[in-house]
Amino acid sequence: MMAEISPFHRPFARAPLPGGSGHASGAGCDNCSSPETRLNSPIQLTSAQARRIWLHAQRLDTAEPFGSGPKATPAAVAHLGYLQIDTIYVIERSHHHILYTRIPTYRREHLHQAQSIDKTVFEYWTHALSYVPTENLRFFVREMRGEWERRVYWLGKVSSADLRRVLARIRRDGALTIRDIDDEPVEKDYAWASRKPSKRVLEVAFYKGLVTISQRVGMVKTYELMTRHFGWDRLPNAATEKETLNYLLDRALQAQGIVSVESICHLNAPRKPAMTRLLESRVRRKELIPVQLEGAGHALHWARPETLDAIPDPAQEQVHILSPFDPLIIQRKRLRLFFDYEYRFEAYVPRHKRVFGYFVCPVLIGDRVVAALDLKTDRSRQELRVQRWNWIGRGASRMHKQQVEAALHKFEQFQLGRGAIER
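Residues numbered from 1 in each chain as written. Predicted model: local features only at pLDDT ≥ 70, side-chain atom pairs only at ≥ 80, totals over all residues. Heavy atoms only, no water.

Draft legend 1. Up close: the nonpolar core. With 90 residues, the main nonpolar core has Leu249, Ile264, Met275, Leu375 and Leu408 as its most contacted residues. The next biggest cluster of nonpolar side chains, apart from the first, holds 29 residues, and it includes Leu55, Ile258, Ile289 and Leu364. (Core = buried A, V, L, I, M, F, W, Y, C linked by side-chain atoms within 4.5 Å. Buried < 20%, exposed > 50% of the residue type's maximum accessible area, 1.4 Å probe, protein only.)

Right, dumping it as structure tokens:
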């Protein structure tokens, strides 16, 4: 059973601004400005309209947007563009949690099938280590061929001889995990290092695209030659930088609905100038429209014309317990602008300085964040514990207590993984 809950109220900084429904100002109505005016000046959007667009793009406004069964998992990854992986295991790991949020019948075996059997997803670096659709691998080949070093510079001490030795072993003996290699332990020289020197060699081989993660059980990774894993003679031809920029923009438009330079190039500052030029080019071609969001000041966003002409109706009251690494949460400034909610990730904050808790999961009902729950799965006692319940917003948020508790009970069943294989 779920552990006892002790909610308490935490006042909100300020009331959200009221948002209208229907079309954006200047978009999709007879009394609004002409198409020429729309393309030359920003469309005004309320916060409520912006939230509805983003929630629909994230597929958080319907019950089963990707259907059910094993095929739903690669469909979700393909739509979102990537699925962030994280090691924290206080509750279920983020990649499983994010999928469960959008696929209520999701099972961990489905991601294993997509990665290891169907091979429709692979692991690589986006803004963090992530699952990415295999059909998009060519957009990462240039990075594999050299640009990876600017992101993971701490791996640069691996010698060519060590790399050849490990690759030869995999080629001869087959896929392996770090546990299959006997190394003399060494001292760590960076925070996330392994004490096994061969782990660093495998990581370099991974970022160079020489090996891929063919299977993951928990956080134990099996490394296989990438070409052998996919049955290829060689990697796909690398996308050009122009093609990659278009891919990044289209990926963001699909998963975000409304984009900014910052949201497209999250933790990828070097690409911002070129992305700005691409956005301007698409505006000139009438493929994008500048958008001015309520509360954003002079900062511009962009959306496709068809997105503004079909702003979703107010979201159904879907209840979602979100991972801190969910695409809706991970970009903190964007979250604050759209939802008037400032998320604090305090797992690395000293206990006495924490305000909300160690591993806090925001609770979304409809288009509002109503609570922030510090959760922990007690696997020995087979229960999900709510260590701290923080209400977000004003007093009306408490009216949602029954809905949140019902969602927690379902979430507990998923957390405990009864009848499922832990992967």
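Draft legend 2. Molecular detail of the packing of aromatic side chains. Applying the stated criterion across every chain yields a total of 20 aromatic pairs. Ring geometry for Tyr100 and Phe411: centres 5.8 Å apart, planes at 45°, overall tilted. One end of the pair, Tyr100, is in helix H4 (residues 94-102); the other, Phe411, is in helix H15 (residues 401-416), and 311 residues separate them in sequence. Exposure class is identical for Tyr100 and Phe411. Each is buried. On the basis of an interplanar angle of 10° and a centroid distance of 4.3 Å, the ring pair of Tyr100 and Phe414 is categorised as stacked. (Phe/Tyr/Trp six-rings, centres within 6.5 Å; stacked < 30°, edge-to-face > 60°. Helix = DSSP H or I, 4+ residues; strand = E, 2+ residues; numbered from the N terminus.)

Draft legend 3. Region of interest: the sheet that holds strand E5 (residues 129-133). Pairing is antiparallel across the open sheet formed by three strands, whose spatial order is E3-E5-E4. Unpaired on one side and paired on the other, strand E3 (83-84) and strand E4 (121-125) mark the two borders of the sheet. Where E4 lies against E5, five bridges are found, and the strand directions are antiparallel. Of the residues in E5, the one forming a bridge with Phe122 is Val132. (Pairing = 2+ DSSP bridges.)

Draft legend 4. Broad picture of the pairing of E4. Extensive coverage of E4 is indicated by the burial of four of its five residues. Hairpin connection of E4 to E5: three residues between the antiparallel strands.

Draft legend 5. Spotlight on the packing of helix H2 (residues 47-57) against helix H14 (residues 332-339). Following both chains from N to C, one finds H2 and H14 inclined at 125°, their axes separated by 8 Å at the closest point. The pairing of H2 with H14 is recorded here as oblique in orientation. Residue-level inspection shows Ser47, Ala50, Arg51, Trp54 and Leu55 of H2 in contact with H14, the latter providing Arg334, Leu335, Leu337, Phe338 and Phe339. Considered class by class, the residues forming the contact of H2 with H14 number seven nonpolar, one polar and two charged. (Axes fitted to C-alpha atoms, helices over the stretch in contact; angles between N-to-C directions. Parallel < 35°, antiparallel > 145°, perpendicular 65-115°, else oblique. Contact = heavy atoms within 4.5 Å. Nonpolar A, V, L, I, M, F, W, Y, C, P; charged D, E, K, R; others polar.)

Draft legend 6. Examining the sheet that holds strand E8 (residues 258-259) more closely. The strand order across the open sheet formed by four strands is E2-E9-E10-E8, and the pairing between neighbours is mixed. Looking along the sheet, the strands with just one partner apiece sit at the ends: strand E2 (43-45) and E8.

Draft legend 7. Representation of the environment of Phe139 within the structure. Mapped onto the elements of the fold, Phe139 is located in the loop between E5 and helix H6 (141-151). The exposure class of Phe139 is buried, given its relative accessible area of 15%. Each C-alpha atom of the pair Phe139 and Leu245 lies 9.3 Å from the other, and the pair is 106 residues apart in sequence. Those residues in contact with Phe139 that sit more than four places away from it in its chain are Ala239, Glu243, Thr244 and Tyr247.

Draft legend 8. Region of the structure containing unusual backbone geometry. One non-glycine residue, Lys286, adopts positive backbone phi at about 65°. Here Lys286 lies in the loop between helix H12 (272-284) and strand E9 (289-293). Phi is positive for Gln382, which is not a glycine, with a value near 55°. Positionally, Gln382 belongs in the loop between strand E13 (368-378) and strand E14 (383-391).

These results come straight from atomic positions and should not be treated as a statement about function.
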